[in-house]
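Chains, contacts and geometry: an overview
These are the residues of each chain, in order.
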Amino acid sequence: MSELTTSAAACKPRRRGPKLSSVLGVAALLIVTVIMLSPLWFMVATALKTTKEMLRFPPTVIPEQFAWGNFKELFVNSEIKFGRQYMNSVIVAVFSVFGTVLSSSLVAFGFSRYRAKGSQVLFMLVLSTMMLPYPAIMIPQFLLFTKLGLHDSLLPLILPNFVGSAYMIFLLRQFFSTLPAELYDAGRIDGSGEFRLYWSLTLPLAGPVLATVAIFTFIWSWNDLLAPVLYLDSQENFTLPIGMAAMMSSKFRLAPWNLLMAASILASIPIILMFVVAQRRFVEGIVLTGMK
Amino acid sequence: MKQSRRRIREGRYFYLFISPWLVGFIALALFPVLASFYYSFTEYDIIHAPQWIGLGNYRELFRDEQFWNSIRVTVKYTVVSVPLTLVLSLLLAILINQKWPLRGFFRTAVYFPSMISGVSMSLLWFWVFNPQAGLFNYVLSWFGIEPIHWLLDAKYAIWALVIMSFWGVGTGMLIFLAGLQGVPSHLLEAAKLDGAGPLRSFRNVTLPMISPVFLFQLIVGMIDSFQVFTQAYTITQGGPSYSTWFYVYNIYVNAFKNFRYGYASALAWLLLVAVMVVTFAIMKASNRYVYYEGGPSR
Amino acid sequence: MRGKGKWATVPLGAAVLTAMTATGCSGGGGGSGGEKVTITHYTIDSPDRTFVEKLIPDFEKAHPNIKVKVTKAPYEQFDSKLQSAIAAKNAPDVTSHWGYGGFMEYYNKGMLMDLTPYLEEGGFKASDYNIPDSVMDIYKVDGKTYGIPLNSYVTVMLYNKDLFDKAKLEYPPTDYEDKSWTFDKMVDYAKKMTVDSTNLAEAQYGVDFGWGERDQRPQYFGANVYSEDTWTNGGKPTEINLSKPETIDAYKKIYGLIWDQKVSPTAAFSKSVSGQFGDPFLSGKIGMSVVGSWSLASAKDFSFNVGVAAVPQGPNEKVRSVLYVDPLFVLKDSKHPKEALEWIKYLITTEVQEKSIELSGGNPPVNQKAAEKYYSNFEGIDPEQIKQVYEGAFKYGFESYNHLISNYSQINELFINELAPVENGDKKAEEVLPVIEEKLKKLLQRVNE
């Protein structure tokens, strides 16, 4: 208590004094904000411009007439298949999240609750695969899935999530290890089997961490381009990133910047939504994973 | 007796629970690492069986201009983009951490662009950098700067991508912000009582406290930036004049465009080694500079 | 890039072959009541290729023992997907070189089936399908047939009638024998239509000279980048002539259109209006465009009136047009080559070729009888003119390098990247050509050994 008062007292005179620094600081931040947000503005404005207007120089700040039709065009134009690709991305992301949450928590539970011969070594192995860059192993993985006949399907993008992700296993294990052993002893006395201890005791307690895992698996899967480029052939099977990249390069003779910006906006919406709905988990996840 | 039965039981559960990972580890990590090691000594176009050529791929690689170029491009990008992004995000985090008005707004505004990521971000910036109708040159024109061709000019393309990477400072900012808020206020108070100015207390208290965060971001940032692919694939196709021919793009082209899976596997293996070496080196170096609470002596 | 991007490289061919059951393919054709076989036809995922799906029902009706399945991939990934399908023992039966690589690349990799025995057995005659022998010969090696032509594209000049009218210029001729229509005259015309401006909305250029791929372009000016033996030895050049004066002069002329005469769009302009691969002609800001005739297929979508003309007479008297004859191949792993051939033959009959024109939006048939119908497929353009342009182009044509040279995709990549500074105006052609020559030699040495 006394410490609090002292600090408050110490602060007061300071706050009065160097007001200039805060004015300058806020001004600097305002400038940064304008710089950061102006490309976003450009994106939204372009998405609403007609093909004619989008190429005008200097660019118009506010579209002369709002071409909402651009958004519709994405779904109506049968050559783009945007709706289909959006669905594919959702399918891949949802299954990836489900798979990762399920398998990573199972594995993390195993690592946090049991000692066995080799468990230490195996955990070191988990940690070491955290650094394993995907490009370093993509060729054999690609050959493996191709020989299994899974080419041009969403399965090679989904299946690897069902064996757990090293990072998520690590995160969850750290959390599970904080749960008191007494909790489990009590559960065992009640006659719960090991699987029940995992399912009905541990998982419910881990809600927030699981949410973090889910959010970041979703984002990662949503943005992934390299694996879809390797595995997906036909436009109907594309996920959004590869579909959008293809849209710029080939389906049109003139780069449809307005449609591309509209597509980019729609593609970003799920991530923005998650940020709005679950801001705390979201920020926590960034801090924990450093993920972009 | 009882003890050992229990141990066996525990062991059984352990392996049962971790079995998904074990399967995945063997099939999707261990096998690929070994297989690509093997392929790296072969010539392999996936139609015909791999042909053992010994060190042929590695020998070729050291003479391959494109290999060296891809390293130059990737390193250039990494050493500029990663540290600058880190410093920028730390600066922003410090500013936003002050008890000034509109904190929440600034935090969200600076982070918001980071949510436009992957291909969306690449497309947006390709458009922003459009030499004739893009935002960037338009703004430069206010200062009388002639249009620059950015992504279409070999001299500028890589810098355009670096500038683009600054747009993602929001992520780092959030992480530093959390780090800054984790600095115990009693330490700062103590520094203040000792008469330390804001700069000194930052250097002596805050910086050591957040150095693990800095280190973590540095490693993650470097590893990420070794693996840049999306920008090269989506907007530059490695050009113009190979100026954005990133390392992973080089692997991709060699394997999936030129069908040289053996050669590409050699490249992939070197990437693996590079990532391990860099991570290890940073960790090693950091022992001297990074402060871990409660354990610097160990 | 530019228009050639997608389609140019390869025409479509997609034939699918079906096959007979591996075991009892006793030559019983048609509906011998044998077991049903499925053949796969692999093609680019774009409407002018995938239309073959609509031809399948009739074919299956006529050949009850054959089922045709179509698989697709986008242009950029056509080759790699094919490669993986082969690796997965899941190779299509019928396809064409629709990706970056060409016939020679496929041939040298041993991917193609020698069709000669099957053709002889069935008594195949090119004349039954109105295919000129010279065209049939393109896909023969040592007298053995590896591909059957399906479509033949040529290089044409498209021009924007509106811009011509505004500049009060006479329309260029369609007759290749009209020797007054020269490269220099084209440049004169182009100057009159050019408005050089950094403002995208005002800028306008006279001509976009997209003649062939970058390494073939000097041919128009009478210089050859590769030694003559390339065309007979399986597409492996033994000599590169990039530092010869005539080649350097050719490239100077080509890029002089952009930087000296300033009548052609810069790469920056083209990419600004049309992205990485698009064709700036469609923006309506280009007076004349020398392109592959696949661009005609989209003529109905142009927002301006378009005309078609002969490629002007250049320094090379013999070659004025690059030909892109798309064949259909049967892949070596096909278990049903006979059925595959049935499907291919079906696709080149006059009736089906005629039908394909409309379904595809205007693919030029290789069948010369069906070609008549192709000429009249374009609204607003006189059929006689198209016919004249096509016939002239065939007469003064040379097959596209990408079909003839081995490992073409890597070569092309090299040219694209090494010439970029010239296209951007940072370097002169004479500075980079010797460098390209060195690199190309090294590349060829590696891939052709």
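Everything quoted here is computed from the prediction, not taken from an experiment.

**A word on the overall build of chain B**
Along its length, chain B carries 13 helices and two strands. When the backbone C-alpha atoms are referred to their principal axes, chain B occupies close to 80 × 75 × 30 Å. Buried residues in chain B amount to 57% of all 298 residues. For chain B, long-range pairs separated by at least 24 residues make up 65% of all intrachain contacts whose partners lie at least 6 apart in sequence. In the structure as shown, chain B presents an accessible area of about 13,400 Å², 66% of it carried by carbon and sulfur atoms. Within chain B, the 12 negative side-chain charges are centred at a point lying 14 Å from the centre of the 22 positive side-chain charges.

**Quick word on helix H11 (residues 267–274) of chain C**
Residue and element names in this part refer to chain C. In terms of burial, H11 is largely enclosed, as eight of its eight residues are buried. Buried residues of H11: Ala 267, Ala 268, Phe 269, Ser 270, Lys 271, Ser 272, Val 273 and Ser 274, and no others. Its side-chain oxygen placed 3.0 Å from the backbone nitrogen of Phe 269, Thr 266 serves as the N-cap of H11.

**As for the sheet that holds strand E10 (residues 306–309) of chain C**
All names here are of chain C. In space, the four strands of this open sheet follow the order E8-E9-E7-E10, with mixed pairing throughout. Of all strands in the sheet, those with a lone pairing partner are strand E8 (205–209) and E10, marking the two edges. The mean angle between the axes of side-by-side strands here comes to 20°, regardless of whether they run parallel or antiparallel. Note: strand E7 (residues 155–160) against E10, four bridges, orientation antiparallel.

**Some details on the packing of helix H9 (residues 166–177) of chain A against helix H12 (residues 207–223) of chain A**
Pairs of packed helices are described in terms of their axes, by the angle between the two and the distance that separates them. Residue and element names in this part refer to chain A. Running from amino to carboxyl end, H9 crosses H12 at an angle of 170°, the nearest separation of the two axes being 10 Å. When the interaxial angle is binned, H9 and H12 end up roughly antiparallel. For the pair formed by H9 and H12, the contact residues are Met 168, Leu 172 and Phe 175 on the first element and Val 209, Leu 210, Val 213, Phe 216 and Thr 217 on the second. Tallied by class, residues from the contact of H9 with H12 come to seven nonpolar, one polar and no charged.

**Structural notes on the UniProt feature "transmembrane region" (unreviewed entry) in chain B**
Residues and elements named next belong to chain B. In this structure's numbering, the residues bearing the UniProt feature "transmembrane region" (unreviewed entry) are residues 12–35, 77–96, 108–128, 156–180, 201–223 and 261–283. As a span, residues 77–96 carries 100% helix and 0% strand, and end to end its C-alpha atoms are 27 Å apart. As annotated, residues 201–223 has a helix share of 100% and a strand share of 0%, and its two end C-alpha atoms lie 32 Å apart.

**Considerations on the domain arrangement of chain C**
Many analyses report the size of an interface as the accessible area lost when the parts associate. Residues and elements named next belong to chain C. Assigned domains of chain C: these are domain 1 (4–153 + 325–381) and domain 2 (155–322 + 401–448). Centre-to-centre separation of domain 1 and domain 2, based on C-alpha positions: 30 Å. Each partner contributes to the interface: domain 1 provides 26 residues, whereas domain 2 provides 23 residues. Both faces combined, the contact of domain 1 with domain 2 buries some 2,000 Å², and carbon together with sulfur accounts for 56% of it. Our enumeration of links across domain 1 and domain 2 arrives at six residue pairs in polar contact (both at pLDDT 80 or more).

**Quick notes on the interface of chain B and chain A**
Contacts between chain B and chain A engage 89 residues on the former and 95 residues on the latter. Between chain B and chain A, the buried area comes to about 8,200 Å², and carbon and sulfur atoms account for 80% of it. Considering only the surface of chain B that becomes buried against chain A, Phe 17, Trp 21 and Trp 127 of chain B emerge as the three largest contributors, covering 11% of it. On inspection of chain B and its partner chain A, the count reaches one salt bridge. Here Arg 9 of chain B and Glu 194 of chain A are joined by a salt bridge, their closest N and O atoms 3.5 Å apart. Counting the contacts that link chain B with chain A gives nine residue pairs in polar contact (both at pLDDT 80 or more). No other element matches helix H1 (residues 2–39) of chain B, which puts 22 residues into the side of chain B that touches chain A. Considered class by class, the residues forming the side of chain B that touches chain A number 65 nonpolar, 17 polar and seven charged.

**Considerations on the packing of aromatic side chains**
Tallying each qualifying case throughout the model produces 106 aromatic pairs over all chains. On the basis of an interplanar angle of 75° and a centroid distance of 6.4 Å, the ring pair of Phe 109 of chain A and Phe 176 of chain A is categorised as edge-to-face. With a gap of 67 residues between them, Phe 109 of chain A in helix H5 (residues 82–113) and Phe 176 of chain A in helix H9 connect regions that are remote in the sequence. Side by side, Phe 109 of chain A and Phe 176 of chain A carry an identical accessibility label, which is buried. The lysine or arginine in question, Arg 260 of chain B, covers the ring of Tyr 263 of chain B, its NZ or CZ lying 4.4 Å from the ring centre.

**So, the pattern of salt bridges**
One pass over the full model with this rule turns up 24 salt bridges over all chains. Across the pair Lys 155 of chain B and Asp 153 of chain B runs a salt bridge, and its minimum N-O distance is 3.8 Å. When the shortest N-O distance is used, the salt bridge between Asp 48 of chain C and Arg 49 of chain C registers 4.0 Å. Note on accessibility: Asp 48 of chain C and Arg 49 of chain C belong to one class, buried.

**Regarding the side chain of Asp 233 of chain A**
Relative to the helices and strands, Asp 233 of chain A resides in the loop between helix H13 (226–231) and helix H14 (240–251). At a separation of 3.2 Å, a polar atom in the side chain of Asp 233 of chain A contacts the side chain of His 151 of chain A. Discounting chain neighbours no more than four positions away, the residues touching Asp 233 of chain A are His 151, Asp 152 and Phe 238 of chain A together with Lys 72, Ala 73, Pro 74 and Lys 81 of chain C.

**With respect to the UniProt feature "domain: ABC transmembrane type-1" (unreviewed entry) in chain B**
Per the UniProt record, "domain: ABC transmembrane type-1" (unreviewed entry) is annotated on residues 71–282 of chain B. Counted over residues 71–282 of chain B, helix gives 74% and strand 0%. Its end C-alpha atoms are 19 Å apart.

**Some words on a nonpolar patch on the surface**
Residues and elements named next belong to chain A. Judged by side-chain polarity, Trp 41, Val 61, Ile 62, Phe 66 and Trp 68 come together as a nonpolar surface patch covering roughly 590 Å² of accessible area. Locating Val 61 in the fold gives a position in the loop between helix H3 (51–54) and helix H4 (69–76). The class of Val 61 is exposed, set by a relative accessible area of 51%.

**Some thoughts on the packing of helix H2 (residues 19–47) of chain A against helix H5 (residues 118–128) of chain B**
At their nearest, the axes of H2 of chain A and H5 of chain B sit 10 Å apart, and the two run at 90° to each other. What the angle tells us is that H2 of chain A and H5 of chain B run roughly perpendicular. Residue-level inspection shows Pro 39, Phe 42, Met 43 and Thr 46 of chain A of H2 of chain A in contact with H5 of chain B, the latter providing Leu 124, Trp 125, Trp 127 and Val 128 of chain B. Considering only residue class, the contact of H2 of chain A with H5 of chain B consists of seven nonpolar, one polar and no charged.

**Some thoughts on the pairing of E8 of chain C**
Residues and elements named next belong to chain C. Of all five residues that make up E8, five are buried, and the element is covered over most of its length. Two strands pair when backbone bridges link them, and E8 and strand E9 (residues 286–292) are joined in this way by four bridges, in the parallel orientation. Among the inter-strand pairings, Asp 208 is bridged to a residue of E9, identified as Ser 289.

**So, the nonpolar core**
Grouped together as the largest cluster of nonpolar side chains are 278 residues, with contacts concentrated most on Phe 111 and Phe 282 of chain A together with Tyr 251, Met 288, Phe 415 and Leu 440 of chain C. Ranked by the residues each element gives to this core, the list is headed by helix H15 (residues 257–277) of chain A, at 13 residues. Setting aside residues no more than four positions away along its own chain, Met 288 of chain C makes contact with Met 157, Leu 158, Tyr 159, Phe 164, Trp 181, Met 186, Tyr 189, Ala 190, Met 193, Gly 206, Val 207 and Asp 208 of chain C. Membership of the second largest hydrophobic core comes to 54 residues, among which are Ile 66, Ala 91, Met 113 and Ala 340 of chain C.

Procedures and definitions
- Residues numbered from 1 in each chain as written.
- Chains lettered and ligands numbered in written order.
- Predicted model: local features only at pLDDT ≥ 70, side-chain atom pairs only at ≥ 80, totals over all residues.
- Heavy atoms only, no water.
- Helix = DSSP H or I, 4+ residues; strand = E, 2+ residues; numbered from the N terminus.
- Buried < 20%, exposed > 50% of the residue type's maximum accessible area, 1.4 Å probe, protein only.
- Contact = heavy atoms within 4.5 Å.
- Areas by Shrake-Rupley, 256 points an atom, 1.4 Å probe, with all protein chains shown as cover.
- Lys, Arg positive; Asp, Glu negative; His and termini not counted.
- Charge placed at Lys NZ, Arg CZ, Asp CG, Glu CD.
- Polar contact = N/O pair within 3.5 Å; in protein donor to acceptor, adjacent residues only side chain to side chain.
- Pairing = 2+ DSSP bridges.
- Axes fitted to C-alpha atoms, helices over the stretch in contact; angles between N-to-C directions.
- Parallel < 35°, antiparallel > 145°, perpendicular 65-115°, else oblique.
- Nonpolar A, V, L, I, M, F, W, Y, C, P; charged D, E, K, R; others polar.
- UniProt positions renumbered as here; feature names shortened; annotations may be inferred.
- Domains from an automatic or database assignment.
- Buried area = accessible area lost by both parts, 1.4 Å probe.
- Salt bridge = Lys/Arg side-chain N within 4 Å of Asp/Glu carboxyl O.
- Phe/Tyr/Trp six-rings, centres within 6.5 Å; stacked < 30°, edge-to-face > 60°.
- Lys NZ or Arg CZ within 6 Å of the ring centre and 35° of its normal.
- Patch = residues over 30% accessible without salt bridge, like charges linked within 9 Å, V, L, I, M, F, W, Y side chains within 5 Å.
- Core = buried A, V, L, I, M, F, W, Y, C linked by side-chain atoms within 4.5 Å.

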